[in-house]
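Chains, contacts and geometry: an overview
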Amino acid sequence: MDSVTTPGGRSRREATRRKLYEAAVTLMAEQGFSATTVDEIAERAGVAKGTVYYNFASKSVLFEELLRHGVGLLTASLTRAAEETARQGGGRVAALDAMIRAGLVFIDRYPAFTQLYVAELWRTNRAWQSTLMVVRQEAVAVVEGVLREGVASGEFSEEIDIPLTAAALVGMVLVAALDWKAFQPERSLDDVHAALSRLLQGRVSGDR
């Protein structure tokens, strides 16, 4: 049945999936994965329960695809920021700074997903644990690439631990942004970005 799908059919299915993602992530961020039912997801999305199972075999599969979808959006955003900086002739520190801002913009737009994603990073024995690790690495790998280029060009010290530094930068943005949204919402995105930018300049580009 899925072997022949019209462009219109694909777009309708993608729109339905997006509605289910949005409903699921909001509910799960509010009450947790276990407490969220398929009925609630369908009701929040404004679709029949059967529509959920037509698109996803189970609630776990829906959540796994939600992780792929959300982190995929974040990874694409980070990649675009780095590529745009390169097109404009900026260096690797500028690229990292642009990626920090892109991450903050993403989190500002999708706070519920970010909250859910960070919470799941600390859980164990989930069916989707391997998927979570794969999509996390995809996002971190974008930062690793810029760090490697910076080391190769002499912008960064060869002593930098690239995997750990990349993970730390991504983690810094995630945790700082969640703290911002939860405890300092009066701050602007520009304000938060400026603070993280100063931290980046001091830690990655070296004391000057």
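The rules behind the values
Residues numbered from 1 in each chain as written. Predicted model: local features only at pLDDT ≥ 70, side-chain atom pairs only at ≥ 80, totals over all residues. Heavy atoms only, no water. Salt bridge = Lys/Arg side-chain N within 4 Å of Asp/Glu carboxyl O. Helix = DSSP H or I, 4+ residues; strand = E, 2+ residues; numbered from the N terminus. Buried < 20%, exposed > 50% of the residue type's maximum accessible area, 1.4 Å probe, protein only. Contact = heavy atoms within 4.5 Å. Polar contact = N/O pair within 3.5 Å; in protein donor to acceptor, adjacent residues only side chain to side chain. Expected span 1.5 Å × (residues − 1). Bend = angle between axes of the 7 residues up to and from the residue.

Details of the pattern of salt bridges
A complete count under the given rule lists 10 salt bridges for this structure. Here Glu144 makes a salt bridge to Arg148, at a shortest N to O gap of 3.6 Å. Of this pair, Glu144 and Arg148 both sit in helix H7 (residues 129-153), separated by four residues, roughly a single helical turn. Residue Glu144 is classed as buried on the basis of its relative accessible area of 8%. Exposure remark for Arg148: the relative accessible area of 44% places this residue in the partly exposed category. When salt bridges that share partners are traced, they join Arg92, Glu149 and Glu155 into one network.

A short note on the environment of Glu64
Looking at the secondary structure, you find Glu64 in helix H4 (residues 59-87). In this structure, the C-alpha to C-alpha distance between Glu64 and Lys49, residues 15 residues apart in sequence, is 18 Å. Residues in contact with Glu64, not counting those within four places in the same chain, are Trp128 and Thr131. Here the side chain of Glu64 touches Thr131 through a polar contact of 2.4 Å, side chain to side chain.

Focus: H4
The end-to-end C-alpha distance of H4, which contains 29 residues, comes to 42 Å, matching closely the 42 Å that a straight helix rising 1.5 Å per residue would cover. One or two residues past the end of H4 sits Gly89, with phi positive at roughly 85°.

Some details on H7
Between its terminal C-alpha atoms H7 stretches 36 Å, which fits the 36 Å expected from 25 residues at 1.5 Å a residue. Val140 marks the point of greatest bend in H7, at about 25°. Among the residues making up H7, those that are buried are Thr131, Leu132, Val135, Ala139, Val140, Val142, Val143, Glu144, Val146, Leu147, Gly150 and Val151. Where H7 is buried, its residues contact H4, helix H5 (92-109), helix H6 (111-121) and helix H8 (162-183). Positive backbone phi, approximately 90°, marks Gly154, located one or two places after H7.

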